[in-house]
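Results of the structural survey
Spelled out from the first residue to the last, the chains are:
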Amino acid sequence: GNVGSIMPSIEQITLRELRNKLIQAEKNRADMDISSSSKETKKNSFVDPFDNVQATDALAQLKLGNNYYVGSGGVETNYEEAVKWFQLASDQGLPQASFNLGVCYFEGKGVPRQDLSRALELFTVAAKGGHPGAKEAGDEVLRMLEGL
């Protein structure tokens, strides 16, 4: 098969799962807000997505990157910001972040241009870290590169 047949399905699955997780996270946060204290009232219900992002918190960085990628969690879609946060989390060894960053390079979203070689590197890192689907995505990119 060609990468066009494989990559869209990977993206759709990833984004569908991501959207479901974000919806669940919002529900959990709403439940926590309701049960935290009946005496307290929140002056502002908006939750700043940067509040919980520490310089070394890879999971929070990944989640923020996901929010920027899909335009959820109180932020607008911004692929450049998504790439920034995916890169920070990937640098700390989070396979999902490396995979997501690879998708950005494959699609040319949030990066100067599509870069299949960089996408292949990132999919390889994600696969070595145990990400399901990253090896298959990398194999498809490798076939594309060999066909050039």
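Preceding block: the structure.
Described in the following lines is the structure provided in the data block. (Residues numbered from 1 in each chain as written. Predicted model: local features only at pLDDT ≥ 70, side-chain atom pairs only at ≥ 80, totals over all residues. Heavy atoms only, no water.)

**A short note on the overall build of the chain**
Across its full length, the chain carries 6 helices and 0 strands. Looking at the 148 residues of the chain, the share that counts as buried comes to 36%. Restricting the contact set of the chain to residue pairs at least 6 apart, pairs at least 24 apart contribute 56%. Surface accessibility of the chain: about 9,000 Å² in total, with carbon and sulfur atoms responsible for 52%. (Helix = DSSP H or I, 4+ residues; strand = E, 2+ residues; numbered from the N terminus. Buried < 20%, exposed > 50% of the residue type's maximum accessible area, 1.4 Å probe, protein only. Contact = heavy atoms within 4.5 Å. Areas by Shrake-Rupley, 256 points an atom, 1.4 Å probe, with all protein chains shown as cover.)

**Things to note about helix 2 (residues 58-70)**
One turn of the α-helix equals 3.6 residues, which is why residues spaced by three or four share an orientation. End to end, helix 2 covers 18 Å across 13 residues, agreeing with the expected 18 Å (1.5 Å per residue, within 8%). Among all positions in helix 2, only Ala58, Ala60, Gln61, Leu62, Leu64, Gly65, Asn66, Asn67, Tyr68, Tyr69 and Val70 are buried. Taken from the residues just after helix 2, Gly71 is the one with a positive phi, measuring 70°. (Expected span 1.5 Å × (residues − 1).)

**Notes on the pattern of salt bridges**
Evaluated as defined, the whole model comprises 5 salt bridges. A salt bridge links Arg118 to Glu121; its shortest N-O distance comes to 3.0 Å. Placement of both Arg118 and Glu121 in helix 5 (residues 116-128) is noted, with a separation of 3 residues, approximately one turn of the helix. Arg118 sits in the partly exposed class, given a relative accessible area of 24%. (Salt bridge = Lys/Arg side-chain N within 4 Å of Asp/Glu carboxyl O.)

**With respect to the environment of Gly138**
Tracing the chain through its elements places Gly138 in helix 6 (residues 134-147). What makes Gly138 buried here is its relative accessible area of 6%. For Gly138 and Ala127, which are 11 residues apart along the polypeptide, the C-alpha to C-alpha distance reads 8.3 Å. Beyond its immediate stretch of four places on either side in the chain, Gly138 contacts Leu120 and Phe123.

**Points about the packing of helix 3 (residues 79-91) against helix 4 (residues 95-107)**
Following both chains from N to C, one finds helix 3 and helix 4 inclined at 140°, their axes separated by 8 Å at the closest point. By crossing handedness, the relation of helix 3 to helix 4 is classed as left-handed. Here Val83, Phe86, Gln87, Ala89 and Ser90 of helix 3 lie close against helix 4, whose contacting residues are Ala97, Ser98, Asn100, Leu101 and Cys104. Taken together, the residues that form the contact of helix 3 with helix 4 break down as 6 nonpolar, 4 polar and no charged. (Axes fitted to C-alpha atoms, helices over the stretch in contact; angles between N-to-C directions. Left-handed = near helix turned anticlockwise from the far one by under 90°. Nonpolar A, V, L, I, M, F, W, Y, C, P; charged D, E, K, R; others polar.)

**Examining the packing of aromatic side chains**
For the coordinates displayed, the defined rule picks out 3 aromatic pairs. Each ring, one from Tyr69 and one from Tyr79, has its centre 5.2 Å from the other, and the planes form 65°; the classification is edge-to-face. Placement of the pair is Tyr69 in helix 2 and Tyr79 in helix 3, with a sequence separation of 10 residues. Pairing Tyr69 with Phe86 gives two aromatic rings, centres 6.4 Å apart and planes at 40°, and the pair type is tilted. In this pair, Tyr69 sits in helix 2 while Phe86 sits in helix 3, placing the two residues 17 residues apart along the sequence. Exposure class is identical for Tyr69 and Phe86. Each is buried. (Phe/Tyr/Trp six-rings, centres within 6.5 Å; stacked < 30°, edge-to-face > 60°.)

**Here's the deal with the environment of Ala82**
In this structure, Ala82 sits in helix 3. The spacing of Ala82 and Gly110 is 28 residues in sequence and 7.2 Å in space, taken between C-alpha atoms.

**Description of the packing of helix 4 against helix 5**
Orientation of helix 4 relative to helix 5, taken along the N-to-C sense of each, is 165°, at an axis distance of 8 Å. Relative to helix 5, helix 4 is oriented roughly antiparallel. Crossing of helix 4 against helix 5: the hand is left-handed. Across the interface between the two elements, Pro95, Ser98, Phe99, Leu101, Gly102, Val103, Tyr105 and Phe106 from helix 4 touch Leu116, Arg118, Ala119, Leu122, Phe123, Val125 and Ala126 from helix 5. Of the residues belonging to the contact of helix 4 with helix 5, the class tally is 12 nonpolar, 2 polar and 1 charged. (Parallel < 35°, antiparallel > 145°, perpendicular 65-115°, else oblique.)

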